[in-house]
Amino acid sequence: MNTTSRSSFSPAGVLVTALMLFSMFFGAGNLIFPAMLGAEAGTNFTPAIIGFLATGVLMPILAVIALAVTGLDLHDLASRGGRIFALIFPPLVYLSIGALYALPRTGTVSYAIAVEPYFGAQGILPTLIFSAIFFGISYVLAMNPSGIVDALGKYLTPALVALLVALFVMGFLTLREPAATPTEDYASGALATGFVSGYMTMDSLAALAFGIIVIASLREKGITARGDLLRGVALAGIIAGLLLGLVYLGLGYIGGHIKDGQGFKDGAALLTEAAHQTMGSAGALVFGLIVLLACLTTSVGLIGATSSFFNKLIPAVSYRAWAIIFTLIAFALASFGLEGLMSFAIPIITTLYPPALTLVILALVEAGIKAPWMNFTHRFALIISVLWALCMTLSSQGIGSSLIESLIGWAPGHSYQLGWIVPTLVAALVGFVLDTTRKPRNS
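Procedures and definitions
- Residues numbered from 1 in each chain as written.
- Predicted model: local features only at pLDDT ≥ 70, side-chain atom pairs only at ≥ 80, totals over all residues.
- Heavy atoms only, no water.
- 1 Å grid on protein atoms, 1.4 Å probe; cavity = no way out; pocket = protein on both sides within 12 Å on 5 of 7 lines; lining within 4 Å.
- Points joined across faces, edges and corners; volume = space filled by probe spheres on them.
- Helix = DSSP H or I, 4+ residues; strand = E, 2+ residues; numbered from the N terminus.
- Salt bridge = Lys/Arg side-chain N within 4 Å of Asp/Glu carboxyl O.
- Buried < 20%, exposed > 50% of the residue type's maximum accessible area, 1.4 Å probe, protein only.
- Patch = residues over 30% accessible without salt bridge, like charges linked within 9 Å, V, L, I, M, F, W, Y side chains within 5 Å.
- Areas by Shrake-Rupley, 256 points an atom, 1.4 Å probe, with all protein chains shown as cover.
- Axes fitted to C-alpha atoms, helices over the stretch in contact; angles between N-to-C directions.
- Parallel < 35°, antiparallel > 145°, perpendicular 65-115°, else oblique.
- Left-handed = near helix turned anticlockwise from the far one by under 90°.
- Contact = heavy atoms within 4.5 Å.
- Nonpolar A, V, L, I, M, F, W, Y, C, P; charged D, E, K, R; others polar.
- Phe/Tyr/Trp six-rings, centres within 6.5 Å; stacked < 30°, edge-to-face > 60°.

In this section: the layout of surface pockets. Here the second largest pocket defines a volume of roughly 990 Å³. In terms of lining residues, the second largest pocket is bounded by 36 residues, among which Asp-185, Ser-197, Met-200, Ile-346 and Gln-417 are the most central. Those elements that place two or more of their residues in the lining of the second largest pocket are helix 2 (32-41), helix 10 (184-187), helix 11 (190-197), helix 16 (337-368) and helix 17 (375-396). In terms of residue count, the dominant contributor to the lining of the second largest pocket is helix 16 (7 residues).

The subject of this paragraph is the pattern of salt bridges. Between side chains of opposite charge, a pair can form as their charged atoms come close. The tally for this structure, following the rule as stated, stands at 3 salt bridges. Ionic pairing is found between Arg-80 and Glu-366, a salt bridge with its closest N-O pair at 2.7 Å. Within this pair, whereas Arg-80 is found in the loop between helix 4 (74-78) and helix 5 (83-96), its partner Glu-366 is found in helix 16, the two being separated by 286 residues in sequence. Glu-366 sits in the buried class, given a relative accessible area of 11%.

A cluster of nonpolar side chains, namely Ile-124, Leu-125, Ile-129, Ile-133 and Ile-137, defines an oily patch on the protein surface of about 480 Å² accessible area. By relative accessible area, which is 55% here, Leu-125 ends up exposed.

Here we take up the packing of helix 5 against helix 16. Close contact between helix 5 and helix 16 brings their axes to 11 Å; oriented N to C, the two are set at 125°. Taken together, helix 5 and helix 16 sit at an angle that is classed as oblique. With respect to the hand of their crossing, helix 5 and helix 16 are arranged in left-handed fashion. Mapping the contact onto sequence places Phe-85, Phe-89, Leu-92, Val-93 and Ser-96 in helix 5 and Ile-348, Leu-352, Pro-355, Ala-356 and Leu-359 in helix 16. Residue composition of the contact of helix 5 with helix 16, grouped by class: 9 nonpolar, 1 polar and no charged.

Locating Ser-335 in the fold gives a position in the loop between helix 15 (319-334) and helix 16. Beyond its immediate stretch of four places on either side in the chain, Ser-335 contacts Ile-124, Thr-127 and Leu-128.

A few words now on the packing of aromatic side chains. According to the stated counting rule, one finds 17 aromatic pairs in the structure shown. Ring geometry for Phe-52 versus Tyr-248: centroids 5.3 Å apart, planes at 85°, classification edge-to-face. In this pair, Phe-52 sits in helix 3 (residues 45-70) while Tyr-248 sits in helix 13 (residues 226-257), placing the two residues 196 residues apart along the sequence. With respect to burial, Phe-52 and Tyr-248 carry one shared label: buried.

Turning next to the environment of Ala-363. Inspection of the secondary structure puts Ala-363 in helix 16. Classification of Ala-363 as buried rests on a relative accessible area of 0%. Expressed as a C-alpha distance, the spacing of Ala-363 and Thr-183, which sit 180 residues apart in the sequence, is 37 Å. Those residues in contact with Ala-363 that lie beyond four places of it in its chain are Ala-66, Thr-70, Leu-77 and His-378.

Next up on the list: unusual backbone geometry. Backbone geometry at Asp-260 places phi at a positive 55°, although glycine is not the residue there. In this structure, Gln-417 takes a positive phi of about 65° despite not being glycine. Its place among the elements puts Gln-417 in the loop between helix 18 (401-408) and helix 19 (421-438).

Next comes the structure, spelled out in structure tokens:
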């Protein structure tokens, strides 16, 4: 790395990277969650969206910065939790942002927004036919090195954003329904509920997996000095985060002010109706097609990224074989529909997020206080966050609930799925005390 005093900072390079980061985070699937949050939070929208932005925007940006300040990829970063954690956690992250959730979500969202409303195609057979076509095309494009997906992505993301801006403006002008009474989940503790709802974007996990791409992008643009690189990552993250936040605020407003917002089965149905009301049938159809194509390019990218990771992890299985495996898994899971997929994915996501957030925060603390000796701090905190998350997930699924609740029910925030925070903090502090007694004297 170039460490000379000559500045390599490039504002233009940072801006391009920021837009790339925004497009990486803003998959079409992210449309559905803030819209439903706006509808369900109702008059409690402000605290709910603040919580949502914390995990849907702030934490992903901090994850990218954590990778930049440590100079590590996900596997190396996860090694702070020990060999077993480093062996298990990264594959689970790639599976969650790939075949187990985010990849099949591209199919279910595109079907719900671009097909079902216009063809009246409901039921398992139309879903299977569409999923087979959608993921078949995704697989073929993932095998095609021509770069057509990258070329499409350069136009689809701006087109989707332009349509969203039009939708927001028309929504502000035409959707005047007063905010509803909050649903039970948002009636109390709206901030905490919004915080956990932000998990569903998956962007904090995606940032851990793809943050190294941001660093590489800035280096390719000539930003190589360490200080300039860190500043570039931070600025790119802030710009991308602001764009994401504005989009989520606009979607939340629409969800909160469309008539009978709480009556829609999911965010896809809500946005389809909002597009129809504000832009007419033709505008809603174009919106649906753009979402469909954006989902397709996202699907291709996820197949490629996860297949490359597992091919590197297990070279004996070829990239093509992994791509076939993940495409088939995504097809099978997408057949359950959006609601069915969510019920399958939520336990996985709520288990992975506590250790992911813990890893990011501790990496930033370690870098901030220049403490590479924080071994016990990382391991104690990550062990507790994993165990607590597993217990919460098992209890929520009705497995050993009475015993588990007696063990973990005392923790502050437990009723909002945030009971892991205080025990993890205590574990980190205990580990830090032990680390300080062992650290080298010149540290």
